[in-house]
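Chain residues, written in single-letter form:
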Amino acid sequence: MADTLNLNNSRFAEEVERLSGTPVRACFQCHKCSTGCPIGPDMDLLSSQIMRLIQLGEEAEVLGSRGIWLCASCEACTTRCPMGIDIAAVMDTLRMMAIERKVAIPDAHGEKFNRSFLGSVRRHGRVFEVGMMTAYKLRTCDFFADVDKVPQMLAKRKLSLLPNRSGAGKEVRQVFRRAEEEEKKR
Ligand code: SF4
Ligand code: SF4
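So, how was this worked out
- Every residue gets a number counted from 1 within its own chain, in the order that chain's sequence is written.
- Working convention: letters from A go to chains and numbers from 1 go to ligands, in the order in which they are written.
- At least 70 in pLDDT is required for a residue's local features to be given in this predicted model, at least 80 for side-chain atom pairs to be given and counted, and no such filter applies to totals for whole chains, interfaces and linings, which use all residues.
- Each helix is a run of DSSP H or I of at least 4 residues and each strand a run of E of at least 2, with the numbering of both proceeding from the N terminus.
- Buried, partly exposed and exposed are defined by the number of other C-beta atoms within 10 Å of a residue's own C-beta, namely 20 or more, between the two limits, and 12 or fewer respectively, with C-beta atoms placed from the backbone.
- We call two residues in contact when their backbone-placed C-beta atoms lie within 7 Å.
- The criterion for a residue being near a molecule or strand is simple: its C-beta atom, placed using the backbone, must lie within 6 Å of it.
- By the convention adopted, Pro, Cys, Tyr, Trp, Phe, Met, Ile, Leu, Val and Ala count as nonpolar, Lys, Arg, Asp and Glu as charged, and the other residues, Gly among them, as polar.
- Between N-to-C directions, angles cover 0 to 180 degrees, with each direction set by a line fitted to C-alpha atoms, over the stretch in contact for helices.
- Small angles under 35 degrees read as roughly parallel and large ones over 145 as roughly antiparallel, with 65 to 115 read as roughly perpendicular and the rest as oblique.
- The domain limits used here are those given by an automatic or database domain assignment.
- Given a helix with a known number of residues, its expected span is that number minus one, times 1.5 Å.

1. Re the overall build of the chain
Phase 1: Helix and strand counts for the chain come out as 12 helices and zero strands.
Phase 2: The linear arrangement of helices and strands in the chain, starting from the amino end, is α-α-α-α-α-α-α-α-α-α-α-α.
Phase 3: Projecting the C-alpha coordinates of the chain onto the three principal axes gives extents of approximately 60 × 35 × 30 Å.
Phase 4: Relative to its 186 residues, the chain shows a buried fraction of 25%.
Phase 5: Long-range contacts, defined here as pairs at least 24 residues apart, represent 64% of the contacts in the chain between residues at least 6 apart.

Here it is as structure tokens:
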């Protein structure tokens, strides 16, 4: 009964639904999203737990979660949800809300990785891994983690030393500009 009242009254749930465009309150806790999440074992809160906490209006716990920053936006959860909830979009929304509300980020490296990733997409129209990792390492001052993997990745042609620009670079930059304009209106 208490949950029903909370579900109906959670302003936080309404806000997440409005910003993500997906019906979080339709979640009935089947856990299909969590069982398919490749990052699940490392998350403090699984995606299904995050959905439930949103329904209950537990904003501080959700926005302060490390899990929302570990989410890789792979959309495995979204494709598995029987209720058609776009969980990956919810995770994006929660990260955005955490930044806007200046919530202390439990894994500050996650936020720095996000910024480095988006900066690379904006500049090149798609991610340029070497440039993104350089920006990330400069932001975190963590210069030596994973450097041992670089020669192998270069040998297997998994990394390119020069950016491979997207033909849609102009459109991608427009998307970023539009997103910034929308953000200013809020
Ligand atoms: S989008 Fe995020 S939460 Fe969903 S399955 Fe992928 S990593 Fe997990
Ligand atoms: S798969 Fe959908 S309905 Fe099931 S727990 Fe996850 S969000 Fe809720």
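2. Re the site of ligand 2
Phase 1: Lining the immediate surroundings of ligand 2 are 16 residues, of which Cys27, Cys30, Cys33, Ser48 and Cys81 lie closest.
Phase 2: For the shell around ligand 2, the secondary structure elements donating two or more residues are helix H3 (32-35) and helix H4 (47-55).
Phase 3: Ranked by the residues each element gives to the shell around ligand 2, the list is headed by H4, at three residues.
Phase 4: Of the residues in the shell around ligand 2, the class split is 10 nonpolar, four polar and two charged.

3. Considering unusual backbone geometry
Phase 1: Not every positive phi belongs to a glycine, and serine 73 is a case in point at roughly 55°.
Phase 2: Take serine 73: it is sitting in the loop between helix H6 (67-70) and helix H7 (76-80).
Phase 3: Even without a glycine there, the phi angle at lysine 102 is positive, about 50°.
Phase 4: In this fold, lysine 102 is placed in the loop between helix H8 (87-100) and helix H9 (108-124).

4. Side note on the packing of helix H2 (residues 11-20) against H8
Phase 1: Orientation of H2 relative to H8, taken along the N-to-C sense of each, is 110°, at an axis distance of 9 Å. Regarding the angle of H2 to H8, the classification is roughly perpendicular. Where H2 approaches H8, its residues Val16, Leu19 and Ser20 are matched on the opposing element by Ala89, Val90 and Thr93.
Phase 2: Among the residues forming the contact of H2 with H8, the class breakdown is four nonpolar, two polar and no charged.

5. Things to note about the domain arrangement of the chain
Phase 1: Domain parsing of the chain yields domain 1 (2-100) and domain 2 (108-185).
Phase 2: The centre of domain 1, based on its C-alpha atoms, is set 26 Å off from the matching centre of domain 2.

6. Section: the environment of aspartate 142
Phase 1: Tracing the sequence through the fold places aspartate 142 in the loop between helix H10 (129-140) and helix H11 (150-155).
Phase 2: The class of aspartate 142 is exposed, set by 12 C-beta atoms lying within 10 Å.
Phase 3: Counting along the chain gives 64 residues from aspartate 142 to threonine 78, while the straight-line C-alpha distance between them is 33 Å.

7. Considerations on the site of ligand 1
Phase 1: Around ligand 1 lies a shell of 14 residues, among which Cys37, Cys71, Cys74, Ala76 and Cys77 are the nearest.
Phase 2: Breaking the shell around ligand 1 down by element, the ones donating at least two residues are H7 and H8.
Phase 3: If one sorts the elements of the shell around ligand 1 by residue count, H8 sits on top with three residues.
Phase 4: Grouping the constituent residues of the shell around ligand 1 by class yields 11 nonpolar, two polar and one charged.

8. Things to note about H4
Phase 1: The buried fraction of H4 is high, at seven of nine residues.
Phase 2: Trailing H4 by a residue or two, glycine 57 shows a phi angle of about 80°, which is positive.

9. Structural notes on H8
Phase 1: Compared with the 20 Å implied by 1.5 Å per residue over 14 residues, the 20 Å span of H8 between its first and last C-alpha is a close match.
Phase 2: Along H8, the residues classified as buried are Ile87, Ala88, Val90, Met91, Thr93, Leu94, Arg95 and Ala98.

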